[in-house]
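# Observations on the model geometry
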Amino acid sequence: MNGFLIDLDGTLYRGHEPIPGAAAFLQWLQQEQLPYLLVTNNSSRTPDQVAEHLQALGMEVPAAAVYTSSQAAAQYLTEQRAGQRVHMIGEDGLRIALDAAGFALDETTPDYVVQGIDRSFTYGKLTEAVRHLKHGATYVLTNPDRMLPSDGGLMPGAGSLAAAITAASGVEPVVIGKPSPIIMAYAIERLGLPAADVWVIGDNVHTDIRGGAMAGCRTALVLTGVATPDNVHEQLASAGLTPDLVCTDLPQFIAQLNDCR
Ligand SMILES: [Mg+2]
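The written sequence of each chain sets the order in which its residues are numbered from 1. Only residues with pLDDT of at least 70 are given local features in this predicted model, and only at 80 or more are side-chain atom pairs given and counted; all residues enter the totals for whole chains, interfaces and linings. In computing side-chain properties, one takes all heavy atoms of the structure into account and sets aside hydrogens as well as water.

Selection rule: UniProt positions are given in the numbering used here, feature names are shortened, and annotations may be inferred rather than shown by experiment.
The protein goes by Acid sugar phosphatase in an unreviewed UniProt entry, where it is assigned to Paenibacillus allorhizoplanae. The Sequence similarities (unreviewed entry) comment attached to the protein in UniProt states, word for word, "Belongs to the HAD-like hydrolase superfamily. NagD family." Listed in UniProt under the heading Cofactor (unreviewed entry), the comment for the protein reads: "Mg(2+)".

This is how it looks when you write it as structure tokens:
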């Protein structure tokens, strides 16, 4: 049996617009009872908030089928067993994931600085993070995305804030989100299938396809987000990657998958 790790933004929706065929694709997965997980680098939303957002766009998915880079960051910290005190720079998705995993926010002597996207980032927050890192806290970054698609064009992502923190502190973060093998391994483990039986589907060559390929999964690039029919050749050439399938959209993925069975 195949399992599926599916990206969200640019694959199921773009901002507040559902991508045509995405709802039908999820229904197909559910009807065929295929194991799947929606895996997102977006650290700002909780799984419940992601499920609500999908529902508003006409897609019914349980929150348990969502796995975020914030959850993966909390899972990573839990495995490190190097302390429970965390200095957080982020939003609801990260705060709630850390809280659920039993971590306490600590502004004085944290064991970790954990950072995701924070749309209220300030010079003061930068200064504090750098101070903790200089005192030996471990730096963990939910996701490396420097820019994000949004309704009004591109906006800076967690990776751009991390660039400032690294520039000031000299400390490189442990990166959790795609293409990091950390989130890929956790997501594959949740599906409970061997990596070779897992399809990674997404619109971003550098995160989805690279992460899937490095994890030993099969990969399908959809041309509905960062990758488009116009730029796909250039993007694949610059990344030096060849996905197993390149599909205009998710319905075409189902058709191509049936062809290669
Ligand atoms: Mg995407």
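### A word on the overall build of the protein
Keep this limit in mind: Strands here are runs of E lasting at least two residues and helices are runs of H or I lasting at least four, both read from the DSSP assignment and numbered beginning at the N terminus. Here the globule rule is a power law, 2.2 Å times the number of residues to the power 0.38, and the radius of gyration is based on C-alpha atoms. A simple rule labels every residue: compare its accessible area, found with a 1.4 Å probe on the protein chains alone, to the largest value its type can have, and call it buried under 20%, exposed over 50%, or partly exposed in between. We call two residues in contact whenever any of their non-hydrogen atoms come within 4.5 Å of each other. Accessible surface is estimated by sampling points in the Shrake-Rupley manner with a 1.4 Å probe; for residues, cover comes only from the protein chains shown. The positive count covers Lys and Arg only, the negative count covers Asp and Glu only, and His and the chain ends enter neither. Note that the charge is assigned to NZ on lysines, CZ on arginines, CG on aspartates and CD on glutamates.
Within the protein one finds 10 helices and 15 strands. Against the globule reference of 18 Å for 261 residues, the protein gives a C-alpha radius of gyration of 18 Å, in line with a compact fold. Across its three principal axes, the protein shows a C-alpha extent of roughly 55 × 35 × 35 Å. Buried residues in the protein amount to 52% of all 261 residues. Taking all contacts inside the protein whose residues are at least 6 apart in sequence as the whole, residues at least 24 apart take part in 69%. Carbon and sulfur atoms provide 52% of the accessible area of the protein, an area that totals close to 11500 Å². For the protein, the distance from the average position of its 15 positive side-chain charges to the average position of its 28 negative side-chain charges is 6 Å.

### Observations regarding the sheet that holds strand S6 (residues 85–89)
Applied cut-off: Any two strands with at least two DSSP-identified bridges between them are counted as paired. Between the N-to-C directions of two axes lies an angle of 0 to 180 degrees, each axis being a line fitted to C-alpha atoms and, for a helix, fitted only over the stretch in contact.
In spatial order, the strands read S7-S6-S8-S9-S12; together these 5 strands make up an open sheet with parallel pairing. The strands lining the two open edges of the sheet, one partner per strand, are strand S7 (104–105) and strand S12 (174–175). This element, helix H6 (residues 158–169), spans S6, strand S8 (112–115) and strand S9 (138–141) of the sheet and lies at about 160 degrees to S9.

### Focus on the domain arrangement of the protein
We apply this condition: Where a domain begins and ends is set by an automatic assignment or by a domain database. A quick way to say it: buried area is the sum, across both parts, of accessible area lost when two parts are put together, with a 1.4 Å probe.
The domain boundaries assigned to the protein delineate domain 1 (3–41 + 178–259) and domain 2 (83–175). Taking only C-alpha atoms, the centre of domain 1 and the centre of domain 2 are 27 Å apart. In this complex, domain 1 contributes 10 residues to the contact, which on the side of domain 2 involves 7 residues. Each partner contributes to the roughly 550 Å² buried at the junction of domain 1 and domain 2, and carbon and sulfur atoms together form 48% of this total.

### Focus: the pattern of salt bridges
Just so we agree on the cut-off: A carboxyl oxygen of Asp or Glu within 4 Å of a side-chain nitrogen of Lys or Arg is what we treat as a salt bridge.
The tally for this structure, following the rule as stated, stands at 6 salt bridges. Across the salt bridge formed by Arg-85 and Asp-111, the nearest N and O atoms sit 3.0 Å from each other. With Arg-85 in strand S6 and Asp-111 in the loop between S7 and S8, this residue pair connects regions lying 26 residues apart in the sequence. On the basis of relative accessible area, Asp-111 is assigned to the buried category, the value being 17%. A salt bridge links Glu-91 to Arg-119, with the nearest nitrogen and oxygen atoms 2.7 Å apart. Residue Glu-91 is found in the loop between S6 and helix H4 (92–100), and its partner Arg-119 is found in the loop between S8 and helix H5 (123–134); the two are separated by 28 residues along the sequence. Here Glu-91 falls in the buried class, since its relative accessible area comes to 19%.

### Examining the environment of Asp-7
Which entries qualify depends on this criterion: By the criterion applied in these results, polar contacts are pairs of N or O atoms within 3.5 Å in which, for protein atoms, one can donate a hydrogen and the other can accept it, and in which residues neighboring in sequence qualify only through two side-chain atoms.
Along the chain, Asp-7 falls in the loop between strand S1 (3–6) and strand S2 (13–14). Within polar-contact distance, the side chain of Asp-7 engages the side chain of Lys-178 at 3.0 Å.

### Details of the coordination of the magnesium ion
Note the threshold: Any N, O or S atom lying within 2.8 Å of the metal counts as a donor, and for Na, K and Ca the limit rises to 3.2 Å; water is left out, so some sites can look incomplete.
Only Asp-7 (OD), Asp-9 (O) and Asp-203 (OD) from the protein coordinate the magnesium ion, and they sit 2.1 Å from it. Between consecutive donor residues of the magnesium ion, the sequence gaps follow D-x1-D-x193-D. A relative accessible area of 8% places Asp-7 in the buried class. Asp-9 gets classed as partly exposed once you look at its relative accessible area, which sits at 28%.

### Remarks on unusual backbone geometry
For the peptide bond that leads from Lys-178 to Pro-179, omega is 10 degrees, which places it in the cis range. Examined against the element boundaries, Pro-179 turns out to sit in the loop between S12 and helix H7 (181–191). Residues other than glycine seldom take positive phi values, yet Gln-33 does so here, at roughly 55 degrees. As for its position among the elements, Gln-33 is in the loop between helix H1 (22–31) and strand S4 (36–40).

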